[in-house]
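Survey of secondary and tertiary structure
This is what each chain is made of:
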Amino acid sequence: MATLRQVQALMHRVIREELPVAAGAAELGCDPGRLDIYRRFVAGHVRTALDKNFPVLMTLLGPERWGRLTRAFYAEMPPSSWELNEAARPFPGWLSEREQAGDEALVPFHVALASWEWEEFATYVHEAEIPSPDALAGPVVNPTLSILELPCPVAAFMARWVEGCRDLPLPTRDQGPEVALLWRRPDTGRVAFHQAIDDLLFAVSVAHQGLDPADAARAHGLPEEAAREAFGRAARMGLVLTPSAR
Amino acid sequence: MTARMGLPFLGYGVGLRRAHFDGIFEARDRVDFVEVLVENVMGFGGRPRDVTLRAAKTWPMVLHGVALSIGSVDPLDEAYLERYASLCEATGALWASDHLCFSSAFGVEYHDLVPLPFTDEAVAHVIERTRTVQARLGVPFALENPSYYIAYDASTMSEAEFLREVLVGADCGLLLDVNNVYVNARNHGYDPRAFIDALPLERVVQIHMAGHHDDGTVIIDTHGDHVIPEVLDLYAWTLERTGPVSTLLEWDNDIPPLDVLLAENDAIRAVGERVLGACSG
Ligand SMILES: [Fe+2]
């Protein structure tokens, strides 16, 4: 009689496609068609997680390329976390290796976009709690802020994509690298993003150091009005958080 | 109302799903309690956590998992249990549950419920681990009868015997999924009523209701449709034997608009009230 371990090992090999379903079914004494349900479902869950976490990339690559890539990823990278979305975490790195190895289906922008889309999800569920204005003594950086360094620009592309533009040319590496900021908005709980332009970086550094914008402007040799404007804009975006007016 | 294994009758509830985060609080009177899928919250901040904690203040809450893998030959995941226990504490959950199956092995997660062989070895293995889980979570813990599509040659007892041995041995509650009973009975050719009669019904602390997909050759437990009349009948038949049991509607795929979900909950409530009214009257 098979032990618990032997049964699980057989199921594992069938599910991971290391053993043909017919052979597994013969050993387990079960119906092959029914057994195949498990193989299909387990692979399907990872595929669903990838579809959900990389919707723009999936659309750009199209069903044939996306299907081929996600099948290869599933075969090479078995999920090891109970959290299904975690199965998608290694995908951008894996895609980058594929692209560098010369996979003709991929261009650098695809890899940058994968990193971006994963970061969007990670920011949405970031465990940091965003403090309420009443709890603040001075300005702080939104604790969900993620600073993403990308090999080519993604922020402008995504801004237009969100507006509904679809026939957009794919940015290339020639356009230079980009630093992007992603954070969770305190008011909606949704993810906002922007290219890391000087004004926003100034506001982040002011909040990070706990300075008054006017003092920081003097220290940086900037006009005070421009510094206040930059800081106010970042605060309205929820990128920096300010205490409630007392 | 009579408590079951010391746990209260909570009425008729629904699973809290992201699709209904915006509207569910306005329907607070049509839902008696909520169930949260722990894997949808643990490790997450932001809206999923905020909404869960708000729901915990709004309704009685129970927790339900799919990744405990109580029957796996791998060790229990300590980090998972730690997060689970802190979620129990943060939400004030009345009890927690997962399925009598394995969902990971040899370091790989399946994110699916894979059946165990119905053997003495599996019974002993699950009993020991269930006791550990009960001690770690700090709230009562129940095991659910999962749906399953294959029967192993290795099994030496019936599914009902297997459930009974585990539940009695581990001294834990049963989350009786009535749709799963129907699905399994059809897929494996047994009588669902005889199956329920063979269970330790005094241990039923919660009931799950859900829809499924019948493709003609096999019924797939999709949680993606209305509860069919046969399952409502089986539910009524079960309640006649158990008396009041907290009953929860699961709808996880093709999630409908909130009003459809609430109407489905009302339909289940109507069956429950009809049976229980008749029982007490
Ligand atoms: Fe269930």
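Criteria and cut-off values
- Residues numbered from 1 in each chain as written.
- Chains lettered and ligands numbered in written order.
- Predicted model: local features only at pLDDT ≥ 70, side-chain atom pairs only at ≥ 80, totals over all residues.
- Heavy atoms only, no water.
- Contact = heavy atoms within 4.5 Å.
- Buried area = accessible area lost by both parts, 1.4 Å probe.
- Salt bridge = Lys/Arg side-chain N within 4 Å of Asp/Glu carboxyl O.
- Polar contact = N/O pair within 3.5 Å; in protein donor to acceptor, adjacent residues only side chain to side chain.
- Helix = DSSP H or I, 4+ residues; strand = E, 2+ residues; numbered from the N terminus.
- Nonpolar A, V, L, I, M, F, W, Y, C, P; charged D, E, K, R; others polar.
- Pairing = 2+ DSSP bridges.
- Axes fitted to C-alpha atoms, helices over the stretch in contact; angles between N-to-C directions.
- pLDDT = per-residue confidence, 0-100.

A few points about the interface of chain B and chain A
Taken together, the contact between chain B and chain A spans 47 residues of the former and 40 residues of the latter. At the boundary of chain B with chain A, total buried surface from both sides reaches about 3800 Å², with 64% on carbon and sulfur atoms. Counting every contact that joins chain B to chain A gives 1 salt bridge. Our count for the chain B to chain A interface comes out at 14 residue pairs in polar contact (both at pLDDT 80 or more). Of all the elements in the fold, those that place two or more residues in the side of chain B that touches chain A are α1 (46-58), α2 (78-91), β5 (102-105), β6 (108-114), α3 (120-137) and α5 (178-188) of chain B. A per-element tally of the side of chain B that touches chain A places β6(B) first, with 7 residues. Grouping the constituent residues of the side of chain B that touches chain A by class yields 25 nonpolar, 12 polar and 10 charged.

Describing the sheet that holds strand β4 (residues 96-99) of chain B
Residue and element names in this part refer to chain B. The strand order around the closed barrel formed by 8 strands is β1-β2-β3-β4-β7-β8-β9-β12, and the pairing between neighbours is parallel. With strand direction ignored, the average angle separating the axes of adjacent strands in the sheet is 30°. Pairing of β4 with strand β7 (residues 141-144) involves 4 bridges; the strand directions are parallel. Across the sheet, D98 pairs through a bridge with L143, a residue of β7.

Quick word on the confidence of the model for chain B
Chain-level pLDDT for chain B is 95 on average; 98% of the residues reach the 70-or-more range. Our summary of model confidence lists the complex with pTM equal to 0.92 and ipTM equal to 0.95.

What to know about the sheet that holds strand β4 (residues 191-195) of chain A
Residue and element names in this part refer to chain A. On the basis of which strands lie adjacent, the open sheet formed by 3 strands has the order β2-β3-β4 and antiparallel pairing. Looking at which strands have only one partner, the edges of the open sheet turn out to be β2 (146-150) and β4. Recorded for the sheet is a direction-independent mean angle of 25° between the axes of neighbouring strands. Judged from the 5 bridges that link them, strand β3 (residues 178-184) and β4 form a sheet pairing that is antiparallel. Among the inter-strand pairings, W183 is bridged to a residue of β4, identified as A192. Of the strands in this sheet, β3 and β4 are in contact with helix α7 (residues 155-162), which crosses β4 at around 135°.

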